[in-house]
Amino acid sequence: MEVMRAFLLAAGLGSGMGLNAQDAVIQEVIEAMHIDSMIRFVQEMSGEVAVDLGDGPVVINSRHSDHAGNALAQLYFERKLASFGHVTETRSFNATGRNVLATKTGSVHPDEIVVLCAHYDAMPPGGLYDAPAADDDGSGCAALLEAARVLRDIPFERTIIFALWDQEEQGKIGSIHYANGMAADDADIVAVVNMDAIAYDGNGDRKARVHARPVANSLAIADTVFAVLDRYAFDLDLMLTNPGAVYSDHASFWSAGYGAVLMIEEFNNDGNPNYHTPNDRVQYFDVPYYEQLAKLSVASMATLAVPFDPTTSAHGRLGAALVNNLLVYPNPTAGRSRFRLHVDQPAHYRSALLNALGQEVDVLLDAELPSGDQLIEMDLTRMAAGAYTVQVIGPDGDLRAIRVLRIP
Ligand SMILES: [Zn+2]
């Protein structure tokens, strides 16, 4: 982890830290997510205030699987996501269990899926008012809703699926059903960011954890979270837990062979004492801490989904003609690759490799080239798995770019 962070810093010093178009989108997402909005959602789903689900005001008390509030919550999430302009889908997986999903289709790679998720069911069972479950996991559900609100009109290269799981507390039943179904369909899930209990910081030390383990690209996803933490200067002390715990829905994706991480408050040494009690209420939140951890989680997911930038996307404004003059193969690559550049007139060319944050991580070429087809070797062996861009700047600032995928 430290190696990756030092590496990014060095790359930044070498190339300047100015915001590119993709960074600017992530910064915009961070600023557009409002803590007042998230707190309001938590109040609504944890019975602090009434909601109108189409039939007059109702109060969602317990969202426990056995209580009527569970179905009310499901309806609440469907209505909220629809009100933000998303097409929603509710999938039953047993007599009472239902996952609520919304899909935002990618502009360049619609088959590549990034999942942002949280669980909406609650503990403990008990009576009607026993499970407000504001932190576990109202906090994650509200961050997801706020992300869905803010991201609605922002195009991404990859497809984003917003997923709210049911029956996590009975053994991750909803997410296991979903992850196994996606694996059976051979769906290309490239990353999962699970938020479960992200609003409590009892001792005010700003510690939080990202849980990962060496399953698929999980550790590379955690690297992305740390890169985003540094890049946008979050006020958090983030720690990596590897191997990560399996007590929440991200583990359902590990079992299905997909890369996933859990974002969570420092539960190991500063756990919420109200966990699974009638006191798990919004009044015990550390509100500024919650804002930071929610925004870090969503900004990381958005970075993994890759904001669509027509100036660096092969399918964008630069068009097919330039792409024909710039060819990467093999692509995707597990390490060594090369690109072919067609040069019309002898001229000076500079080429750089950019990471998913748009930061220059390697200079591939800086030379006078003769005319004709040139083959330029590149080595991504030491790069973390993920999406990169090969950018070529020729005479008169002629910019060419093509995406290359580094696979584990
Ligand atoms: Zn939970």
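Everything numeric in this text was worked out from a predicted model, so none of it was measured.

Novice: Outline the overall build of the protein, supporting the account with residue identities and numerical values.
Specialist: The helix and strand inventory of the protein stands at 10 helices and 17 strands. Radius of gyration (C-alpha) of the protein: 22 Å, near the 22 Å computed for a compact globule of 408 residues. Its C-alpha atoms give the protein principal-axis dimensions of about 80 × 40 × 35 Å. Across the 408 residues in the protein, those meeting the buried criterion constitute 52%. When contacts within the protein are restricted to residue pairs at least 6 apart in sequence, those whose partners lie at least 24 apart make up 76%.

Novice: Outline the environment of Ala71, supporting the account with residue identities and numerical values.
Specialist: Relative to the elements of secondary structure, Ala71 occurs in helix H4 (residues 68-83). Judged by the 15 C-beta atoms lying within 10 Å of it, Ala71 falls in the partly exposed class. Each C-alpha atom, one on Ala71 and one on Asn272, is 26 Å from the other, the two residues being 201 residues apart in sequence.

Novice: Quick one: what's the story with the sheet that holds strand S8 (residues 207-211), residue by residue and with numbers?
Specialist: Pairing between the strands of a sheet comes from backbone hydrogen bonds, and it takes one of two forms, parallel or antiparallel. Strand order in this open sheet of eight strands is S3-S4-S6-S5-S7-S10-S8-S9, and the pairing throughout is mixed. Two strands lie at the open edges of the sheet, namely strand S3 (88-92) and strand S9 (237-241), each paired on one side alone. The sheet shows a mean angle of 20 degrees between the axes of neighbouring strands, direction not considered. Where strand S5 (residues 109-119) lies against strand S6 (residues 158-165), eight bridges are found, and the strand directions are parallel. Counterpart to Leu116 in the pairing with S6 is Phe162.

Novice: Can you break down H4 residue by residue, with the values?
Specialist: Its 16 residues place the ends of H4 23 Å apart at the C-alpha level, agreeing with the 22 Å of an ideal helix rising 1.5 Å per residue. Within H4 the residues assigned to the buried category are Gly69, Asn70, Leu72, Ala73, Gln74, Tyr76, Phe77, Glu78, Lys80 and Leu81. Remark: Gly85 follows H4 within two positions and exhibits a positive phi of approximately 95 degrees.

Novice: Break down helix H6 (residues 173-184) for me, with residues and values.
Specialist: Along an α-helix, a turn takes 3.6 residues, which lines up residues three or four apart on a common side. Under the 1.5 Å per step criterion, the end-to-end length of H6 is 16 Å for 12 residues, consistent within 8% with the ideal 16 Å. Looking at H6, one finds that the buried residues are Ile173, Gly174, Ser175, Ile176, His177, Tyr178 and Ala179. Against strand S4 (98-104), S6 and helix H8 (250-255) lie the buried residues of H6. In the stretch just after H6, Asp186 is the one whose phi turns positive, near 60 degrees.

Novice: Account for the pairing of S3, with residues named and values stated.
Specialist: Two elements, S3 and S4, share five bridges in a ladder whose sense is antiparallel. Looking at the pairing, Ser92 lines up with Arg98 of S4. Counting the residues that bridge the hairpin from S3 to S4 gives five residues.

Novice: Describe unusual backbone geometry, and please don't skip the residues or the numbers.
Specialist: Geometrically, the link from Met123 to Pro124 is a cis peptide bond, its omega value of -5 degrees lying close to zero. Residues Asn242 and Pro243 are joined by a peptide bond in cis, for which omega reads 5 degrees. Of note, Pro243 is situated in the loop between S9 and H8. The phi torsion at Ala233 lies on the positive side, around 55 degrees, for a residue other than glycine. By the secondary structure assignment, Ala233 is in the loop between helix H7 (218-231) and S9.

Novice: Can you tell me about the domain arrangement of the protein, naming the residues and giving the values?
Specialist: According to the domain assignment, the protein consists of domain 1 (21-305) and domain 2 (319-406). Just the C-alpha atoms count here: the centres of domain 1 and domain 2 sit 37 Å apart. Counting residues per element, the ones that place at least two in the side of domain 1 that touches domain 2 are helix H2 (21-32) and H7. At five residues, the largest contribution of residues to the side of domain 1 that touches domain 2 is made by H7.

Novice: Go over the packing of helix H5 (residues 134-151) against helix H9 (residues 287-305), please, and point to the residues and values.
Specialist: It is the contact of H5 with H9, at a shortest axis distance of 10 Å, that shows an interaxial angle of 55 degrees. Put simply, H5 runs oblique to H9. In terms of crossing hand, the pair formed by H5 and H9 is right-handed. Every residue of H9 that contacts H5 at Ser139, Ala143, Glu146, Ala147 and Leu151 is listed here: Tyr290, Ala294, Ser297, Val298 and Ala302.

Novice: Would you mind going over the sheet that holds strand S14 (residues 360-369) in detail, with residue names and values included?
Specialist: Taken in spatial order, the four strands make up an open sheet running S14-S13-S16-S17, and their pairing is antiparallel. The open sheet has two free edges, formed respectively by S14 and strand S17 (399-406), since each of these has just one partner strand. Adjacent strand axes in the sheet meet at a mean angle of 15 degrees, parallel and antiparallel pairs treated alike. Here five bridges tie strand S13 (residues 347-354) to strand S16 (residues 386-393), and the two strands are oriented antiparallel to one another. Note that in S16 the partner of Ser351 across the bridge is Val392.

Novice: Can you explain the environment of Arg338? Please cite residues and give values.
Specialist: In this fold, Arg338 is placed in strand S12 (residues 336-343). Given 16 C-beta atoms within a 10 Å radius, Arg338 is considered partly exposed. As for Arg338 and Asp379, which are separated by 41 residues in sequence, their C-alpha atoms are 8.0 Å apart. Excluding residues that lie within four positions of it along the chain, Arg338 makes contacts with Tyr329, Leu375, Ile376, Glu377 and Met378.

Novice: Explain the nonpolar core to me, using residue names and the numbers behind them.
Specialist: Counting residues in hydrophobic clusters, the biggest one holds 122 residues, and the most contacted among them are Val29, Leu116, Leu144, Phe162, Ile198, Val261 and Val298. The leading source of residues in this core is H9, at 11 residues. Looking at which domains feed residues into this core, each of domain 1 (21-305) and domain 2 (319-406) gives three or more. Here Val261 is in contact with Val193, Asn194, Val210, His211, Ala212, Ser218, Ile221, Ala222, Val225 and His250, once residues within four sequence places are set aside.

Conventions we followed
Every chain is numbered independently, its residues counted from 1 as its sequence is written. Local features in this predicted model are restricted to residues whose pLDDT is 70 or higher, and side-chain atom pairs enter the listing and the counts only when it is 80 or higher, whereas totals over whole chains, interfaces and linings include all residues. Numbering of helices and strands starts at the N terminus; helices are DSSP runs of H or I of at least 4 residues and strands are runs of E of at least 2. For a compact globule the rule gives 2.2 Å times the number of residues to the power 0.38, and the radius of gyration it is set against comes from C-alpha atoms. In this scheme the burial state of a residue depends on its C-beta neighbours within 10 Å: 20 or more other such atoms mean buried, 12 or fewer mean exposed, and anything in between means partly exposed; the C-beta positions come from the backbone. Two residues form a contact once the distance between their C-beta atoms, set from the backbone, is within 7 Å. Note on pairing: two strands pair once DSSP finds at least 2 bridges between them. Axis definition: a line fit to C-alpha positions, over the contact stretch in the case of helices; interaxial angles, taken between N-to-C directions, run 0 to 180 degrees. By this rule the span expected of a helix is its residue count minus one, scaled by 1.5 Å. For the domain bounds, the source is a domain assignment made automatically or taken from a database. Roughly parallel refers to an angle under 35 degrees, roughly antiparallel to one over 145, roughly perpendicular to one between 65 and 115, and oblique to any angle outside these ranges. Whether a crossing is left-handed or right-handed is set by the direction in which the near helix is turned from the far one by less than a right angle, anticlockwise for left-handed and clockwise for right-handed. By convention in this section, buried Ala, Val, Leu, Ile, Met, Phe, Trp, Tyr and Cys residues joined through C-beta atoms within 7 Å make up a nonpolar core.

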